[in-house]
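Each chain is listed here by its residues.
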There are 2 protein chains.
Amino acid sequence: MMKRIPLLICSFALLALALPVLAADQDVIQFREAIMKTLNEQSAALGQIASGAVPDDSLVTHMDELALAASTAPQAFKPKVPGGEAKPEVWSNWADFSKRMSDFAQQTAAGAKIAKDQGKDAAMVQLINFADSCKGCHDMYRMEKK
Amino acid sequence: MMKRIPLLICSFALLALALPVLAADQDVIQFREAIMKTLNEQSAALGQIASGAVPDDSLVTHMDELALAASTAPQAFKPKVPGGEAKPEVWSNWADFSKRMSDFAQQTAAGAKIAKDQGKDAAMVQLINFADSCKGCHDMYRMEKK
């Protein structure tokens, strides 16, 4: 019985150490998913504007939202926490992945500026480039769960 | 038989008129849903920052994204197209609904400014107000589909 008490204490101590780590991992995954879902929703909105399905009044705002979300993505993937739809290659090919993410952030920021300065038609050309970047990166680093 | 041909032509003409309208309605619903989902994702990200679950480096950016998404919401609900999770009251109580939406856009814009000028603690007070606005409006105007 005397032997069991230290074991129990030890188990609780380990549990206390382990639980916050697990919670933090889940938080890291949820946080980056909130960012990627924002990119997805804003891309969808921009796709509708591009096709003429909805008015383009808020084009610049949506381009700004896309750029802001993209700017938060590289940092959100930095913690090496596999899970969600991220393939382990995100971290094993980190140099490539993070370059793609940073490039995407720069492209979307440039696109938002183009939308502001040059209007819809010029912005649409940029949008097609974004779409390619999305697909290229998703093909390599995302396992989609539906 | 001669009578049927004009009827058929008439039916096709009506169909041709009706189809684009249906497509446009679906577009209107999808577009406003992209905006509301962005609000949802950015609120979730801010909630994680508020609780300390993730670092607050990108607080101002997320507040900006929330404010930009909120700024596009009032216009997106203007077309009277029931569907999705919007209750018909959105349009039958339009004066109230649109005031709430505009207030929310102003609150989030003010919140983004507060985050920039005064930092995290002051921004968190604003966030709690947003959360109340979200719930108040959702209780009245949203039928959640899960």
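Calculation criteria
Residues numbered from 1 in each chain as written. Chains lettered and ligands numbered in written order. Predicted model: local features only at pLDDT ≥ 70, side-chain atom pairs only at ≥ 80, totals over all residues. Heavy atoms only, no water. Helix = DSSP H or I, 4+ residues; strand = E, 2+ residues; numbered from the N terminus. Buried < 20%, exposed > 50% of the residue type's maximum accessible area, 1.4 Å probe, protein only. Least-squares fit on C-alpha atoms with pLDDT ≥ 70 in both. 1 Å grid on protein atoms, 1.4 Å probe; cavity = no way out; pocket = protein on both sides within 12 Å on 5 of 7 lines; lining within 4 Å. Points joined across faces, edges and corners; volume = space filled by probe spheres on them. Nonpolar A, V, L, I, M, F, W, Y, C, P; charged D, E, K, R; others polar.

Student: Teacher, can you tell me more about the environment of Lys135 of chain B here?
Tutor: For Lys135 of chain B, the position within the fold is in helix H5 (residues 120–141). We classify Lys135 of chain B as exposed; its relative accessible area is 51%.

Student: How should the relation of the copies chain B and chain A be read in this particular structure?
Tutor: Between the two chain copies there is a screw-like relation: a rotation about an axis and a shift along it. Once chain B is rotated about the relating axis by 180 degrees and shifted along it by 0.0 Å, it coincides with chain A to within an RMSD of 0.0 Å. The symmetry that links the two subunits is that of a two-fold axis.

Student: I keep staring at the layout of surface pockets and nothing clicks. Help me out?
Tutor: Unfilled space is identified by rolling a water-sized probe across the atoms. In this model, the largest pocket occupies a volume close to 1000 Å³. What lines the largest pocket is a set of 40 residues, among which Met36, Leu39, Asn40, His138 and Arg142 of chain A lie closest to the centre. Of all the elements in the fold, those that place two or more residues in the lining of the largest pocket are helix H1 (4–50), helix H4 (94–118) and helix H5 (120–141) of chain A together with helix H1 (4–50) of chain B. Sort the elements by how many residues they give to the lining of the largest pocket and H1 of chain A lands first, with twelve residues. Each residue belonging to the lining of the largest pocket can be placed in one class, and the counts come to 20 nonpolar, nine polar and eleven charged. Space inside the second largest pocket adds up to approximately 700 Å³. Lining the second largest pocket are 29 residues, with Met36, Phe77, Glu85, His138 and Arg142 of chain B positioned closest to its centre. At the level of elements, H1, helix H4 (94–118) and H5 of chain B are the ones that each hand at least two residues to the lining of the second largest pocket. Ranked by the residues each element gives to the lining of the second largest pocket, the list is headed by H1 of chain B, at eight residues. Tallied by class, residues from the lining of the second largest pocket come to twelve nonpolar, seven polar and ten charged.

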